[in-house]
Amino acid sequence: MSYIEIKDLSFSYTKKRQILKNIGINIEKGEWIAILGHNGSGKSTLAKTIVGLLEPGAGSITVDGIKLDQDTLQSVRRKIGIVFQNPDNQFVGVTVRDDIAFGMENLCVPKAEMLERIEYFATKVGMEKFLDKEPASLSGGQKQRVAIAGILAMQTEIMIFDEATSMLDPYARGDLMEHIKKLHNEGLTIIMITHEIEEALLADRLVIMKDGAIFADGPKEELLKKPDLFQGSALELPFSLRLANQLTGAGFEEVRGYLWESAFRK
Amino acid sequence: MGIRFQEVSFHYPQNQLTYYQAIANITLDIESKNEFICLVGRTGSGKSTLAQHMNALLLPTSGTLEIFGTKITAKRDKKTNYNSLRKHVGLVFQFPEYQLFEETVEKDIMFGPLNFHTGIDEAKEIARETLKLVGLDESYLNRNPFNLSGGEKKRVAIAGILAFDPDILVLDEPTSGLDPRGKTQMMELFKEIQDKTGKSIIIITHDMDLVYEHASRVVVLYDGELIYDESPKALFKREGLEKYHLQYPSPIRVLKDLKERFDLDLDIYQRNLSDAVTALKRAVK
Ligand SMILES: Nc1ncnc2c1ncn2[C@@H]1O[C@H](COP(=O)(O)OP(=O)(O)OP(=O)(O)O)[C@@H](O)[C@H]1O
Ligand SMILES: Nc1ncnc2c1ncn2[C@@H]1O[C@H](COP(=O)(O)OP(=O)(O)OP(=O)(O)O)[C@@H](O)[C@H]1O
Ligand SMILES: [Mg+2]
Ligand SMILES: [Mg+2]
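When you go through chain B residue by residue, the secondary structure sums to ten helices and ten strands. Along the first, second and third principal axes, the C-alpha atoms of chain B reach 65 × 50 × 35 Å. Considering only residue pairs separated by 6 or more positions, chain B has 60% of its internal contacts joining residues 24 or more positions apart. Split by element, the accessible area of chain B, about 12,900 Å² in all, is 46% carbon and sulfur. Here chain B carries 37 positive and 41 negative side-chain charges, and the mean point of each set is 1 Å from the other.

All names here are of chain B. Pairing of strand β1 (residues 3-13) with strand β4 (residues 62-67) involves five bridges; the strand directions are antiparallel. Across the sheet, Ser9 pairs through a bridge with Ser62, a residue of β4. For β4 and strand β5 (residues 70-72), the ladder comprises three bridges, and the chain directions are antiparallel. In the sheet register, Leu65 faces β5, and the bridge partner there is Ile72. The hairpin turn running from β4 into β5, its antiparallel successor, is two residues long, and Phe68 in that turn takes a positive phi close to 45°.

Residue and element names in this part refer to chain A. At a minimum axis separation of 7 Å, helix α3 (residues 96-106) and helix α5 (residues 140-154) run at an interaxial angle of 35°. Note that α3 runs across α5; the crossing there is right-handed. Judged by residue contacts, Val96, Asp99, Ile100, Gly103 and Met104 of α3 engage Val146, Ala149, Gly150, Ala153 and Met154 from α5.

This part covers the coordination of the magnesium ion (ligand 4). The reference angle at a metal is 109.5 degrees if four donors form a tetrahedron and 90 or 180 degrees if six donors form an octahedron. Residue and element names in this part refer to chain B. Around the magnesium ion (ligand 4), the protein contributes the donor atoms Ser48 (OG) and Gln94 (OE1), which lie 2.0 to 2.2 Å from the metal centre. Residue Ser48 is located in helix α1 (residues 47-53), and its partner Gln94 is located in the loop between β6 (89-92) and α3 (105-115); the two are separated by 46 residues in the primary sequence. Comparing Ser48 with Gln94, the two get one shared label, buried.

The α-helix winds at 3.6 residues per turn, so residues separated by three or four positions along the chain end up facing the same way. All names here are of chain A. When the terminal C-alpha atoms of helix α6 (residues 170-185) are compared, their 22 Å separation across 16 residues agrees well with the 22 Å that a helix rising 1.5 Å per residue should span. The inward-facing, buried residues of α6 contact β3 (32-37), α4 (111-124), α5, β7 (158-162), β8 (189-193) and α7 (197-200). Positive backbone phi, at 115°, marks Gly187, one or two positions downstream of α6.

Residues and elements named next belong to chain B. What the rule picks out here adds up to eleven aromatic pairs over all chains. Ring centres of Phe101 and Phe111 lie 5.1 Å apart, and the angle between their planes is 80°; this geometry places the pair in the edge-to-face category. One end of the pair, Phe101, is in the loop between β6 and α3; the other, Phe111, is in helix α3, with ten residues separating them in the sequence. On the basis of relative accessible area, Phe101 is assigned to the partly exposed category, the value being 47%. Overall, the relative accessible area of 39% leaves Phe111 in the partly exposed class.

All names here are of chain A. Taken in spatial order, the six strands line up as β6-β7-β8-β3-β9-β10 in an open sheet, and their pairing is mixed. Bordering the open sheet on either side are β6 (80-83) and β10 (213-219), each of which pairs with just one other strand. The sheet shows a mean angle of 15° between the axes of neighbouring strands, direction not considered. Relative to β7, β6 is paired through four bridges, and the arrangement is parallel. Note that in β7 the partner of Ile80 across the bridge is Ile158. Relative to β3, helix α1 (residues 43-50) is tilted by about 140°, and along the sheet it contacts β3, β6, β7, β8 and β9 (205-210). Relative to the sheet, α6 contacts β3, β7 and β8, its axis offset from that of β8 by approximately 145°.

Further remarks concern the coordination of the magnesium ion (ligand 3). Within the protein, Ser44 of chain A (OG) and Gln85 of chain A (OE1) serve as the donor atoms for the magnesium ion (ligand 3), at 2.0 to 2.3 Å. One end of the pair, Ser44 of chain A, is in helix α1; the other, Gln85 of chain A, is in the loop between β6 and α3, and 41 residues separate them in sequence.

It is worth spelling out the confidence of the model for chain B at this point. Scored by pLDDT, chain B comes out at a mean of 95, with 99% of its residues at no less than 70. Both scores are given for the predicted complex: the pTM is 0.96, the ipTM 0.95.

This part covers the site of ligand 2. Around ligand 2, the structure places 22 residues, and the nearest of them are Ser139, Gly141 and Gln142 of chain A together with Lys47 and Thr49 of chain B. Proximal residues around ligand 2 fall on chains A and B, making this an inter-chain site. Between ligand 2 and Gln94 of chain B there is a distance of 2.9 Å, counted from an oxygen atom to a side-chain nitrogen or oxygen. Here His206 of chain B contributes a side-chain N or O atom positioned 3.4 Å from an oxygen atom of ligand 2. Coverage of ligand 2 by the protein amounts to 91% of the 630 Å² it exposes when considered alone. Of all the secondary-structure elements, those providing two or more residues to the shell around ligand 2 are α5 of chain A together with β2 (19-30) and α1 of chain B. Classifying every residue of the shell around ligand 2 gives five nonpolar, 13 polar and four charged.

Procedures and definitions
Residues numbered from 1 in each chain as written. Chains lettered and ligands numbered in written order. Predicted model: local features only at pLDDT ≥ 70, side-chain atom pairs only at ≥ 80, totals over all residues. Heavy atoms only, no water. Helix = DSSP H or I, 4+ residues; strand = E, 2+ residues; numbered from the N terminus. Contact = heavy atoms within 4.5 Å. Areas by Shrake-Rupley, 256 points an atom, 1.4 Å probe, with all protein chains shown as cover. Lys, Arg positive; Asp, Glu negative; His and termini not counted. Charge placed at Lys NZ, Arg CZ, Asp CG, Glu CD. Pairing = 2+ DSSP bridges. Axes fitted to C-alpha atoms, helices over the stretch in contact; angles between N-to-C directions. Left-handed = near helix turned anticlockwise from the far one by under 90°. Donors = N, O, S within 2.8 Å, 3.2 Å for Na, K, Ca; no water. Buried < 20%, exposed > 50% of the residue type's maximum accessible area, 1.4 Å probe, protein only. Expected span 1.5 Å × (residues − 1). Phe/Tyr/Trp six-rings, centres within 6.5 Å; stacked < 30°, edge-to-face > 60°. pLDDT = per-residue confidence, 0-100. Near = heavy atom within 4 Å. Polar contact = N/O pair within 3.5 Å; in protein donor to acceptor, adjacent residues only side chain to side chain. Nonpolar A, V, L, I, M, F, W, Y, C, P; charged D, E, K, R; others polar.

Encoded structure:
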């Protein structure tokens, strides 16, 4: 049995339209997967069903051997931290400090430990000077950083990032990814929803959604070699590979090989 | 003249005693026609704050601001018609949620045109057309804007501004949250609008590929100050942009790497994929 098993999952917000269609995904402990797909393909909806915020119409979700239902909801939630697409949906407190604390409070982290983690993770995302500010008075990227710090501080076994870095500048994003790589090496299971192909390539495996269904699922090295697959789902290869694909013909083998190789260099 | 900033500074009040200076001494002229400006800078550098001055949503704490001939100063002036300024300058917010408020997508997009005295039938027609421009079909007209996916909300928010046809478009991260195809199409749409109407377009973004390919001018903020205002070509030829947390565009980064790795005689300053391909083919042959 896999660590996370999603089986025949379906979901509809309204009777008129089915959103998720027979989704099946197995994720092993310590895996890092990226979920890609066009706007409205169902990525955020899927993420919300995995954490039990939306109840599936059919199918099942099992996390670490526990089948998700009303009775097990709380214990499954303790294992998964999720950064929502819109950071405002995550803010409840008066100050940045409160907001970073919120997730930990739900996990009953002892007070002293909590204070330590707030300082540590606020610093990690470069927001240590903003702890007493109101979340509403932050810039877009600052809000995202605070939302991320709150989840990192929970130190859950699984983390879901739903376009969590879409408004970060490349340096802030790079710093954060370094930290996430470290956590991954220590065994964290990561589900990263993103439109940024460079970010997706940090994962080992790509899951591509299209119109509410799984369109492709496999090791990135395999999927990237199928350009039709990308074109068919509103995606784009990274610049270096688009360049490599244009260099057809003799004489370019070495350059092409190098470009492919460097696209996978982490 | 479209928008003129003269030594504009802005402070957000913190509490009675302190304030936070978000932009400092900004001097900047934006023509009413044919500008394609990208406004860049790291997180918290003041981009959104500056953008919100462009249609007088925020008023300068000091300095003067002129928007289509109307002087804007720290004090809200009863004689100034702020609403009519917004007909000149349309602003799309960084978070679409701040902009969407009606119960249907159709009403949301119609709001601008109705506010500027377009008839109801015409406004409906406009809503239908602009929705199509941003890549959403008619079935979205009756949807509740709050029950859309992130990228769909972004598209509706952009449609809401295009609908009332402002002279200058200011777009705060219009492509964040869009899927790659949507991003390309959105940039093509902005280009097409400019080609047809000559409207000035100002885009805030962290995507330097987009800046390099599309902008004719790039304005860089760092800690609230304007540090560069020049062509992307001039900007990206500079060394050491890392200092300001700016990344070089992909073509430059990738070609630079190839040039060094294979010891090529190659001009790395190519603005897009096809130029990069041409240059590389020539260098390798
Ligand atoms: N609360 C809701 N009520 C009804 N329909 C919804 C609701 N939320 C989302 N939808 C619809 O469900 C579909 C999937 O939405 P979802 O948010 O999961 O997409 P997504 O893949 O995350 O897209 P994006 O890349 O734009 O964030 C979309 O067509 C959307 O319009
Ligand atoms: N309403 C507010 N009250 C107090 N401070 C604010 C407010 N809005 C923004 N700030 C502060 O002003 C500075 C500039 O914010 P602004 O939103 O203009 O940045 P930005 O360049 O748009 O950043 P980002 O790329 O993260 O969106 C930030 O340090 C921010 O914390
Ligand atoms: Mg989403
Ligand atoms: Mg901003």
